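# Structural description and commentary
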Amino acid sequence: MWTPTEEEKYGVVICSFRGPVPQGLILELGETVQILEKCEGWYRGVSIKKPNVKGIFPANYIHLKKAVVSNRGQYETVVPLEDSVITEVTATLQEWAVLWKQLYVKHKIDLFYKLRHVMNELIDLRRQLLSGHLTQDQVREVKRHLTVRLDWGNEHLGLDLVPRKDFEVVDSDQISVSDLYKMHLSSRHSVQQSTSQVDTIRSRHGEACRLPVPHHFFLSLKSFTYNTIGEDADVFFFLYDVREGKQISERFMVRLNKNGGPKNPEKIDRMCALFTDLSSKDMKKDLYIVAHVIRLGRMLLNDSRKGPSHLHYRRPYGCAVLSIMDVIPSISELKEEKDFVLKVYTCNNENEWYQIHENIIRKSSTKYTAPSSNYGLIVSLQLLRGEMEQVRREYPMIFNRGVAVTRKIGFPDVIMPGDIRNDLYLTLEKGDFERGGKSVQKNIEVTMYVLYADGEFLKDCISLGSGESSRSLYHSFVLYHSNSPRWGEVIKLPIPIDRFRGSHLRFEFRHCSTKDKGEKKLFGFAFTPLMRDDGTTLSDDIHELYVYKCDENSTFNNHALYLGLPCCKEDYNGCPNIPSSLIFQRSTKESFSVSTQLSSTKLTQNVDLLALLKWKAYPDRVMDILGRLRHVSGEEIVKFLQDILDTLFVILDDNTEKYGLLVFQSLVFIINLLRDSKYFHFRPVMDTYIQKHFAGALAYKELIRCLKWYMDRSAELIRQDHIQEAMRALEYLFKFIVQSRILYSRATCGMEEEQFRASIQELFQSIRFVLSLDSRSSETLIFTQAPQPGGQVSGAGTCAPQKCGGASRPSFNSAALLNSFPAIFDELLQMFTVQEVAEFVRGTLGSMPSTVHIGQSMDVVKLQSIARTVDSRLFSFSESRRILLPVVLHHIHLHLRQQKELLICSGILSSIFSIIKTSSLETDVIEEVEMMVESLLDVLLQTLLTIMSKSQSQEAGEYVSCLLSLLRQMSDTHFQHLLENFQSKDELKEFLLKIFCVFRNLMKMSVFPRDWMVMRLLTSNIIVTTVQYLSPALHKNFTETDFDFKVWNSYFSLSVLFINQPSLQLETVTPVKRKKILDKYGDMRIMMAYELFSMWQNLGEHKIHFIPGMIGPFLGVTLVPQPEVRNIMIPIFHDMMDWEQRKNGNFKQVEAELIDKLDSLVSEGKGDENYRELFSLLLLEKIEQETWRETGISFVTSVTRLMERLLDYRDCMKGDETENKKIGCTVNLMNFYKSEINKEEMYIRYIHKLCDMHLQAENYTEAAFTLLLYCELLQWEDRPLRDFLHYPSQTEWQRKEALSRKIIHYFNKGKSWEFGIPLCRELAIQYESLYDYQSLSWIRKMEATYYDNIMEQQRLEPEFFRVGFYGRKFPFFLRNKEYVCRGHDYERLEAFQQRMLSEFPQAIAMQHPNHPDDNILQCDAQYLQIYAVTPIPDNIDVLQMDRVPDRIKSFYRVNNIRKFRYDRPFHKGPKDKENEFKSLWIERTTLILTHSLPGISRWFEVERRELVEVSPLENAIQVVENKNQELRTLISQYQHKQMHGNINLLSMCLNGVIDAAVNGGIARYQEAFFDREYITTHPGDAEKITQLKELMHEQVHILGVGLAVHEKFVHPEMRPLHKKLIDQFQMMRSSLYHELPALDKLSPACSGTSTPRSSMLISHSPMSPESIKLVHRHSLLNMLGTVRHSSSSLSSHTSSETGNLVILTDSSIGETAEDMYHMQASPSTSSLSSTHSAPSQMINSAPPSTRGSPSLPDKYRHNRDLMMLLPTHRDRPSSAMYPAAITENGQHQNFQRALLQQVIGPCKPCSDPNLSVAEKGHYSLHFDAFHHHLNDVPPALPARTLRKSPLHPIPASPTSPQSGLDGSNSTLSGSASSGVSSLSESNFGHSSEPPPRTDTMDSVPSQAWNTDEDLETPYLPVRYSLSEPDVLETLKSQPCRSHSAPSGVIPQDTMDPPALPPKPYHSRLPNIENEEGMMKEEEEKHRALHRKISQPIGGAKEEQARVAWEHGISEQ
């Protein structure tokens, strides 16, 4: 049964509860819960965190706390009954915990650890506070520490500042805004002391000043571990000031026995002292605790013979010191003692004993012996604070231990009345004694006695130190063998005050012999009386006493015998006649010095003071004595303050007439003395005296009379200084007057009351008279500083009149009077009613001059006086306020009008508001507020506007708080009266404009810092309330005929600013804070939005005035993330459109402005997806009804689409998004501005944003294209342009020129020189037309440089990737679209894929290339589909020109590309297991982009795709054709010696083709396509079959030429391989003889039977995943990924795009994976040369399990070792990295040996030096060469010498499966670049007999080898670098089979220069016209290799020579 709880209402979770039961409430440790019901060990309730979720939880998981329940029942609220500070700490720690973890995540490690430390401290302090064991002072201290730490943490975490009063959080409703402002200022611990100025100005004059807190040191001696003494010892502790070089405290004495324990057993654990009364100044001094150790025993410690054992001397032993400054930090915060060890240093030189502690402190090491570290005095220290009474209460344990109170020598800062003390401190300084005929010096001991006048010894009047009882005589310690001893020992003489007069001290000097008897022989004495004859005490000084001779027999019984003698020099001068026959003779050569210091409250050393205190002894001298009081020092006066005051009032009573004025002056002097900062602390003494000890009941009459007399003399010129002093002493004079009158009334039962009142009335008339003098005086005073504490104008003495003369004197008097005046109110209130006192004060304040021109200092003084009046108790009574407020407001009003003394005025106002707020329940307050509104509101607004224009933040804060306080106090009636009181509409308008302007500035200027949340919210609340009061007046007065745009505009601007305030955006704050704010104020944005909307509706036809001006501001309001505000405000746009439509017939202005502002607002972070939907929904709903519906809907749709893009753009920008995403977003938005809404300015802005992004990402080419968009908008005209973005005002021509230069610069940085050249030309034309030859020269040189760069600098060819973005989670601009992206340098598919996945971490990589279905397109996820594509160049002409160097062609192959393709192999129909090529088709997809790459982005969207299928036969033709082309190129390079000695590449290439052919490569095609069945079933393929036959025919010819070249260059070690190749070639020809009879003509050139597979079988070696990664996509290993059943010699080229399908992403498997990866040996046991090769992008991106080759038959696996030796092409380092691995001719030794051993087994090394270096000259072979034996040298070229290009040896890498020679290694693999195998580059549909072709080598014509076929292929020299892969590429020349010219004829070379590149950026635009033809004519013109690196051509001279030579040839 669940029952409601009565007591158990609130608890804390002490164990986390996971809620495993039905309706269980999940609770975390530390959460607080509110309990509603209970049932059998279970509670039902809610967590305070989630008050809406109820549930049950076990009772034993909850710790109950007491709580206050209000509103019991269903809606009860529970507040824990605990200290509010504890509650705050708990809540704050919970809030910090979350932020603290985030600090770690954000790597703010320093703050993380600091905060952790502070949180631990808070937890600890909270625990202390909860324990309940602390005293009140300790609680205060703990709370102080807590709040300091809370504020520190809040500030560093950027949380709100918490205003506090006495450590408790204040409720802003309970105090005035001014007070709240001050609390904010004081709550910030780091804030500059902003309040100090105000406090100084308004420190309360009459308030008792707080006493300084004394400090006390508690010292306890734990043990003395120095056991080596073996004798009793005394230890003396005292405090020593190093700088002053003197002891500042008495000594604390501890007596120890020889074992180191206390001599008195009762003292165990009680050897402790309290050094008292240290001031704050003392604590800042360099103080030390000094310990002197004096042993009691033999004369010499280690010599038992020196002196008898029964005699004990006091002998110095050692000293220890401890710096208090060093220990203060460690003990000041502790509440308990802390131990320290004092090392005791022993004394080496006894003569230095008196300064041993100084030597130790100064570290003079020679003077003492340092102890070992184990020994010393162990003491514990503790620092206590507070008065002694308080310390006794707080630390009773210390006093229970019998602590020795050890006082300071001298007085503490404050001597309180009743604090009686009478101590004389005597220091034994030094002596000088005669040797007395001895050979050694004496051991002198001094004995001292205190004797009374009658010769009696005073007992217990000598104290060696606190902690031990006093004694009657004193023995000094003995310094061994010293006739001039220096002791420096301080002894206290606590002599009773009544025995002081007549007492004297006697010092006896004895020599302590160390002989056997050890006697002490008396040899002299000295003495000194304690008081002089005039009654003054011995002065504080060093006294050198006379030494008189005597011996043991001398008698001192009759002390009068020596007292008559002079004791010292001064005494001698006073006693001229001394009889010489006395008993005692003075020893003139000996002297003895002591110094004394008196600390007495009863004895004085001042004669004048003594005379005053004993005035009755000198009745005739009283006048003189009173006059001399001024000359007594302040210290003496404050010491005897009570006695002096008593004496003065006794004298006054004795003879009022005679002494009255003098006593008054003396009293004024003493009172003013206490105003001095030095004696300021004695004011409490004076107050105590007046309250408790003053007894002058008649004094008041005389004091009033004298005071009035002085005031009436103000106008006279005499004794002005006395008058001012009297004015300054006004406070205490009144205290005496009032107390005296009270005493008199008590004594006489209230007699003479009327006379007293009358005299006070007269006195006030005199006061007014003094003040009124100023208004008559034209003099002004120079500025004085603010008053000192106590109200004195510190600079009063410096106020100099500007003119000489007495007329200005009254100003000084007034200043003094005004300063003191407010302090007398409290005294008057004791005698008069509040109204009476208020009338006195009003009269006085009213008599002050009301002009502001009396001089700055008087203004200050006057206002300070008013300020203290307002702060006084008097003003807190409403009766007095009614009387005083008008006067006060009058003066403030005057000053504010003049803008003078603003800070003081604001202080006065804030005090008034503070008082009014606290008494706001009283009815009088309404009148007071009314009064203030009338007097102040307008002038306050004016003042604020002035201050805000000067940005004086402190003054602004003060006045804002005053204004807000006033507005907050105003009720409906106040506002009503205010608005009624305006005489005209103009006045009202001016007022409204002012107040709106102030409110706006208040929000714009951020007068209050961001973390003053309480202040900001209260301000907002006051503003919204005020606006609600004022808006009806605005509507009523300024709507109809009197419409005033200015006021309305001001109102709207204010409303908009208000709603947009950061402090009101509750979405950004924590839920707890949001709930607090909503509970207190509600959502003020909604309140203001309703107000704004209703005012807008009230405007009627005047709305048109605010279009388009208010569109932006209102849009800003609608973007506030508050649904209700949006719902209220969005319809206003419909209203605006409607009104503009009515007026103009369209709403163009609304449209333009809305779009303009939307951009800037969204980019500032405003708006979201919900807003977009709501905007569209609300407006479309409204527009439906309108006649202009269509344009409206179109506009709203357009804006909605813009918003989509803007939101995407913003999300990309603000997130940690990658550059790609940001760039894509920007392009998308930019195009929208251009194409859809045609906003040119916005378009240009985004062009520059995009450009900046490209530059940041180092996409220089894209940056140039982007800027080009702006450049193309400009014309070469002189039209002036305004400054825009970062461009200055300039002409259009200048801007276009500057832009062009910048674009050229970026093209240069991006190495896109071809794009920069047309711009150079354009600029050149402009410069030329202007005859600006300097610039023309510069631009032409630039152009020339670019041509050089094209030919000389290496450039990498990028990869291209197609990316599909599928799913609704992608940004709008990517969603369900496909793009082609231009990769970065060196970026392969795997790297690109990783990059994309890291950019979209949520995305899933799709594993197939098929187009996704609708499920994927519409799902809430992200899918990425990525594969590589091959570019299809547009600029075919350049690529087909034979003369164009490859460097140039390389650029056109990968730039200005709009079409890309990828291929997918598939089987159509039944698959022939014997020969797969019969059914292997290729599906070729062509993608056409919206713009060509490169462009303004690295990626563009796919506009459309086209699909074609390539038949098996066409595929075979392409494969063979590509291989032929590749072989031609390679052979040509070797012929022309572009390749140096290393011919591995050629060897492997030939071996690959021949071996494959022998083993069935081409044979597979023969089987597939040449059999009768195929020919009969495919009659339409007859021509293609013929073409394939011809290509095979051609291949045999080429191989023959290749072998001839190979013969020429082969290395001797490789001869066996060459022989093997010739044998195999013979076999190949034989095997093909019956198929291709054309080969018949060839004479047998080759023989041999061996069939090495050195390069073919490599492709089938199994590979590890690691080695796969090394394989370059063009290397011979590339085939591994895709080889099928391959047995024909040049197997089908299943273009490399196969890989595009097969391996897309990790673990991807293509459609035909099964066939792809299943491999069989061919019948002829050989394998494929060419593959269905996947580019490396595919291979690399597959997981290890799917990468590399399929499983191979074992017989092919032995070649793996060789394969691993071949270096890759892309990963190979240059020779700089592997220099040692290269032989002289550039071949890799390991490679050569491996190849030989693999192919022909070990053989003896042989070398032929003639063959190791490439032959000079270029060679060309006629095909007829094969009719000769192959051993013959190939025929030489006709007589032409070609330029030789320098080539460097190419290193081989041990990690790479490619030869060291860098060439087109796809020769080996048969695979092409990311497109197709190099053999597949065929041309469908070309004529069978094209004209003869001449290819160029490095732009130089070379001799073709002409037979039936023209087989030469040009190749450029190669340049190698360290930084880029060494890649060579074959040219895409069209393989022509033609009847060539006869062998001797050379076709003529055309010498015309190649055409300049077309304007590159024109081709970026869509260009589809000749697409179809291109697809047919150039089915696949693609790169044979991925990247191209060219070799620079020769120097300029060489170039000129070459051109000249060529010209000569052509003429021939």
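Residues numbered from 1 in each chain as written. Predicted model: local features only at pLDDT ≥ 70, side-chain atom pairs only at ≥ 80, totals over all residues. Heavy atoms only, no water.

## A word on the overall build of the protein
In terms of regular secondary structure, the protein is built from 69 helices and 41 strands. Among the 2012 residues that make up the protein, the fraction classed as buried is 59%. Accessible surface computed for the protein: about 82700 Å², of which carbon and sulfur atoms make up 51%. (Helix = DSSP H or I, 4+ residues; strand = E, 2+ residues; numbered from the N terminus. Buried < 20%, exposed > 50% of the residue type's maximum accessible area, 1.4 Å probe, protein only. Areas by Shrake-Rupley, 256 points an atom, 1.4 Å probe, with all protein chains shown as cover.)

## As for the pairing of strand β24 (residues 444–451)
Most of β24 is tucked away: eight of the eight residues are buried. Neither face of β24 is exposed, since Ile444, Val446, Met448 and Val450 on one face and Glu445, Thr447, Tyr449 and Leu451 on the opposite face are all buried. Both β24 and strand β27 (residues 504–512) contribute to a ladder of eight bridges, which runs antiparallel. In the strand pairing of β27, Glu445 is matched with Arg510. (Pairing = 2+ DSSP bridges.)

## Examining the sheet that holds strand β30 (residues 586–600)
If you walk across this open sheet you meet the eight strands as β25-β24-β27-β28-β29-β30-β23-β26, and the pairing is antiparallel. With partners counted over all chains shown, the strands left at the sheet margins are β25 (473–475) and β26 (486–493), one partner each. If you compare each strand with its neighbour and ignore which way they point, the axes differ by 25° on average. (Axes fitted to C-alpha atoms, helices over the stretch in contact; angles between N-to-C directions.)

## Side note on the packing of aromatic side chains
How two aromatic rings sit relative to each other is set out by the distance from centre to centre and by the angle between their planes. Counted under the stated rule, the structure contains 68 aromatic pairs. Ring centres of Phe1052 and Phe1114 lie 5.7 Å apart, and the angle between their planes is 85°; on these two criteria the pair is classed as edge-to-face. In this pair, Phe1052 is assigned in helix α35 (residues 1045–1059) and Phe1114 in helix α38 (residues 1111–1118), connecting sequence segments 62 residues apart. Ring geometry for Phe1569 against Tyr1574: centres 5.2 Å apart, planes inclined by 70°, an arrangement best described as edge-to-face. Connected via pairs of aromatic rings, a cluster forms that spans Phe996, Phe1043, Phe1045, Trp1048, Tyr1051, Phe1052, Trp1096, Phe1106 and Phe1114. Above the plane of the ring of Phe236 lies Arg251, whose end atom (NZ or CZ) is 4.0 Å from the centre. Positioned above the aromatic ring of Tyr354 is the side chain of Arg486, whose terminal nitrogen or guanidinium carbon lies 4.1 Å from the ring centre. (Phe/Tyr/Trp six-rings, centres within 6.5 Å; stacked < 30°, edge-to-face > 60°. Lys NZ or Arg CZ within 6 Å of the ring centre and 35° of its normal.)

## So, the pattern of salt bridges
Side chains that carry opposite charge are capable of pairing whenever their charged atoms lie near each other. Summed over all chains, the structure comprises 83 salt bridges. Between Asp423 and Arg421 there is a salt bridge, with the nearest N and O atoms lying 3.1 Å from each other. There is no split in this pair, since Asp423 and Arg421 are both buried. Between Glu1387 and Arg1395 there is a salt bridge, with its nearest N and O atoms 2.7 Å apart. Per residue, the accessibility class of Glu1387 equals that of Arg1395, and both read buried. One salt-bridge network, held together by shared partners, links Asp171, Asp173, Arg968 and Lys1080. (Salt bridge = Lys/Arg side-chain N within 4 Å of Asp/Glu carboxyl O.)

## Considering the sheet that holds strand β15 (residues 272–278)
Taken in spatial order, the five strands of this open sheet run β18-β21-β11-β15-β22, and their pairing is mixed. A strand with exactly one partner marks an edge of an open sheet, and here the two such strands are β18 (338–342) and β22 (404–406). With direction set aside, neighbouring strand axes in the sheet form an average angle of 30°. Sheet analysis places strand β11 (residues 215–224) next to β15, joined by five bridges and oriented antiparallel. Within β15, the residue paired with Leu219 across the bridge is Ala273.

## Here we look at the confidence of the model for the protein
When the pLDDT values of the protein are averaged, the result is 75; 74% of them are 70 or greater. Here residues 2001–2006 is modelled with pLDDT under 50, and outside its nearest four sequence neighbours on either side it reaches 11 contacts, counting other chains as well. Contacts of residues 2008–2012 to residues separated by more than four positions or lying in other chains number four contacts, the stretch itself having pLDDT below 50. (pLDDT = per-residue confidence, 0-100. Contact = heavy atoms within 4.5 Å.)

## Description of the nonpolar core
Side chains of nonpolar character tend, in soluble globular proteins, to be buried together. Of all hydrophobic cores here, the largest spans 315 residues; its most connected members are Phe736 and Phe1114. Looking at which element gives the most residues to this core, the answer is helix α30 (residues 924–950), with 13 residues. Residues contacting Phe1114, with those up to four places away along its chain left out, are Phe1052, Val1056, Leu1092, Trp1096, Met1129, Ile1132, Phe1133 and Met1136. Ranked by size, the runner-up nonpolar core spans 64 residues in total, among them Tyr345, Leu479, Phe523 and Val547. (Core = buried A, V, L, I, M, F, W, Y, C linked by side-chain atoms within 4.5 Å.)

## A few points about a nonpolar patch on the surface
Residues Val68, Val79 and Leu81 make up a contiguous nonpolar surface patch of roughly 260 Å² in combined accessible area. By the secondary structure assignment, Leu81 is in the loop between β8 (77–80) and α1 (84–105). (Patch = residues over 30% accessible without salt bridge, like charges linked within 9 Å, V, L, I, M, F, W, Y side chains within 5 Å.)

## Some points on the side chain of Arg510
Here Arg510 is to be found in strand β27. Of the polar contacts made by the side chain of Arg510, one reaches the side chain of Glu508; its length is 3.0 Å. Leave out the neighbours within four places in its chain, and Arg510 touches Asn443, Ile444, Glu445, Thr447, Lys520, Lys521, Leu522, Phe523 and Glu552. (Polar contact = N/O pair within 3.5 Å; in protein donor to acceptor, adjacent residues only side chain to side chain.)

## Digging into unusual backbone geometry
In the segment running from Ile1107 into Pro1108, the intervening peptide bond is cis, with an omega of 5°. Note the cis peptide between Leu1493 and Pro1494, where omega equals -5°. Structurally, Pro1494 is set in the loop between β38 (1480–1493) and β39 (1499–1510). Although it is not a glycine, His481 sits at a positive phi angle of roughly 50°. Accessibility expressed as a relative area gives 30% for His481, which makes it partly exposed.

## A closer look at the environment of Glu434
Position of Glu434 relative to the elements: it lies in the loop between β23 (422–432) and β24. Spatially, the C-alpha atom of Glu434 lies 8.9 Å from that of Ser484, the residues being 50 residues apart in sequence. The contact partners of Glu434, leaving out residues within four places of it in the chain, are Lys442, Asn483, Lys549, Ser587, Lys589 and Glu590.

## Things to note about the packing of helix α2 (residues 109–131) against helix α3 (residues 136–156)
Direction vectors running N to C along α2 and α3 enclose 155°, while the axes themselves pass 10 Å from each other. Comparing their axes, α3 and α2 come out roughly antiparallel. The interaxial crossing formed by α2 with α3 has left-handed handedness. Only Val139, Val142, Lys143, His145, Leu146, Arg149, Leu150, Trp152, Gly153 and His156 of α3 make contact with α2, whose side of the interface consists of Leu111, Lys114, Leu115, Val118, Glu121, Leu122, Leu125, Arg126, Gln128 and Leu129. (Parallel < 35°, antiparallel > 145°, perpendicular 65-115°, else oblique. Left-handed = near helix turned anticlockwise from the far one by under 90°.)

## Side note on the pairing of strand β21 (residues 377–385)
Counted residue by residue, β21 has seven buried out of nine residues, so it is predominantly covered. As paired elements, β11 and β21 share nine bridges and run antiparallel to each other. Bridge assignment links Leu221 to a residue of β21, and that residue is Val379. Bridge analysis of β18 against β21 gives five bridges, and the strand direction is antiparallel.

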